[in-house]
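Working through the structure, step by step
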Amino acid sequence: MKGGPYKLRWRAKELSLALIVLVCTTILIWTWDRSPTLTSTLSSKNQLQLPPDIKTVPVDSKTHVKEDISTLTRSEAINNKGEHLAEKTHSTDIFKSSSDFETVPIQKKEEAIKHKHSSKREKTGVSESGSSSTQIEETNNVILGGKFSEQEEKRMDHQACDYTKGKWVIDDRRPLYSGLGCKQWLAPMWACRMMQRQDFAFENIRWQPKDCELEEFEGSKFLERMQNRTLAFVGDSLGRQQFQSLMCMITAGKETPDVLDVGPEFGLVIPPGGKRPNGWAYRFPSTNITVLYYWSSTLCDLEPLNPEDPQTEYAMHLDRPPAFLRDFLHRIDVLVLNSGHHWNRGKLRANKWIMYVGGEPNTNRKIADMGSAKNFTIHSTIKWLNSQLSKHTHLKAFYRSLSPRHFVNGDWNTGGSCNNTTPMSIGKEVLQDESSDLGAASAVRGTGIKLLDITALSQVRDEGHISRFSITATPGVQDCLHWCLPGVPDTWNEILFALI
């Protein structure tokens, strides 16, 4: 046939070309299967769909970033006031995080996915970073579809929660302990059940955060979570109230004879000529957890000018942390500091305290003002504590904001009163963005110290004070500073429990 050989040769070329295409396709498919990099370059609509039993990561930028924006690291946050104000003029480019003091730019979808299950940010804007291996493992769990345990999911939800916003609600399951039964830990002067007060509706109130649930406190869970650890309250009498509240909450107000008094281990003994020690420390043998309180109303170092003289004056070193913290910080795992109500001239004169800075009597008039002295001291102590965090990586440190007073028509010594006994009569909801204690918020900003912000939520609980029912007060003098227990400080501890 004419042209037969040429046609046969052409068919051979076509067959060879087909074989080459088949080989190339096979190599491409094999390479695709072995290399996930090629897959990531394809659009999402062309990617293979995962089976329904494998966990996928949402990539909707609006909902995903809004839900998880608080997980971004400190280096990606804006912490200064000027940039905070800029948020208002760039609302389309910036979402507000759960912190009151920082804003974060919207990240690309890939970056948001990487941060899906990183540790949540808290009120002060301090992220909790675990070990690098843990972070890598969590990231792999998300990308590869691994599932988190229910406990882990709850932990991340609690850390993301903004506990400062919410409302007080009636809860018949409250109180968490009996004011009559917790005699082992509760001072009679704060147990309103042992006074003449007749209305105890204030005990049946629970704090409900706005967009999340506050973890239910259980003594057994607390002991398990804090196993082999030490929790320390260092502060004034309101810190002591929080300490006694927690002891009652852990034991449910029941007699607990096996708890050990380990105060001497921390130097908490009655000094010569004294009436009581500067604090208390107790250990629960079942889980080896220690809970202690140390009295330091101003959070600065106090040094007798003449140790031999019982009537000596004291150097009040505004730029030094309490000696107790310097001596025992290495033994503390969770630290809660507070100060505030002792910063007045009357207290300083009564205690014979003289302000010192740099080892000498203070001559700076700006610092001599009581408000300035307080802020100077708190900032100094927080700065020192922050410098210690790298040495004590196990330590979680909190600064508790100011507990509000509710004196009306005068102060404690000028006829001031707080006669209201009706819960939530002055309000029950708190939705403000910034802390009511601006000094505390300023002191911890930019540090590794977290703010335990209880001021605003306590402000609407004026009925919870000891008021005129105190069994130790001078006639006509009301206590509108300290709280009845059980009461508002229990909520401070519930929030603390959720954060640790």
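In the block above lies the structure referred to throughout.
Predicted, not measured: the structure shown is a model, and the values here were computed from it. (Residues numbered from 1 in each chain as written. Predicted model: local features only at pLDDT ≥ 70, side-chain atom pairs only at ≥ 80, totals over all residues. Heavy atoms only, no water.)

**As for the packing of aromatic side chains**
Scanning the entire structure with this criterion turns up 14 aromatic pairs. Consider the rings of Phe-200 and Phe-202, whose centres lie 6.2 Å apart with planes at 45°: the pair is tilted. Judged by its relative accessible area of 15%, Phe-200 falls in the buried class. Ring centres of Phe-217 and Phe-222 lie 5.8 Å apart, and the angle between their planes is 35°; on these two criteria the pair is classed as tilted. Assigned by exposure class, Phe-217 and Phe-222 land together as buried. The rings of Trp-185, Phe-243, Trp-280, Tyr-282 and Tyr-293 are connected pair by pair, giving a single aromatic cluster. When the ring centre of Phe-200 is taken as origin, the NZ or CZ atom of Arg-193, which lies over that ring, is 3.9 Å away. Against the face of Phe-266 rests Arg-331, its NZ or CZ located 4.3 Å from the ring centre. (Phe/Tyr/Trp six-rings, centres within 6.5 Å; stacked < 30°, edge-to-face > 60°. Buried < 20%, exposed > 50% of the residue type's maximum accessible area, 1.4 Å probe, protein only. Lys NZ or Arg CZ within 6 Å of the ring centre and 35° of its normal.)

**Comments concerning the packing of helix 9 (residues 237–251) against helix 16 (residues 488–499)**
Contact geometry for helix 9 and helix 16: axes closest at 9 Å, N-to-C directions at 70°. Viewed along their axes, helix 9 and helix 16 adopt a mutual orientation that is roughly perpendicular. Contacts between helix 9 and helix 16 involve Leu-238, Gln-241, Gln-242, Ser-245, Leu-246 and Met-249 from the former and Pro-489, Asp-490, Trp-492, Asn-493, Glu-494 and Leu-496 from the latter. Residue composition of the contact of helix 9 with helix 16, grouped by class: six nonpolar, four polar and two charged. (Axes fitted to C-alpha atoms, helices over the stretch in contact; angles between N-to-C directions. Helix = DSSP H or I, 4+ residues; strand = E, 2+ residues; numbered from the N terminus. Parallel < 35°, antiparallel > 145°, perpendicular 65-115°, else oblique. Contact = heavy atoms within 4.5 Å. Nonpolar A, V, L, I, M, F, W, Y, C, P; charged D, E, K, R; others polar.)

**Describing the pattern of salt bridges**
All chains considered together, the criterion is met by 18 salt bridges. We note a salt bridge from Arg-193 to Glu-203, for which the minimum N-O separation is 2.9 Å. Of this pair, Arg-193 sits in the loop between strand 3 (166–170) and strand 4 (205–209) while Glu-203 is found in the loop between strand 3 and strand 4, placing the two residues 10 residues apart along the sequence. We classify Arg-193 as partly exposed; its relative accessible area is 35%. With a relative accessible area of 6%, Glu-203 lands in the buried category. (Salt bridge = Lys/Arg side-chain N within 4 Å of Asp/Glu carboxyl O.)

**Focus on the environment of Glu-203**
A C-alpha to C-alpha distance of 9.1 Å links Glu-203 and Asp-172, two positions 31 residues apart in sequence. Those residues within four positions of Glu-203 in sequence are excluded, and the remaining contacts are Arg-174, Pro-175, Arg-193 and Pro-486.

Taken by themselves, the reported measurements are silent on function.
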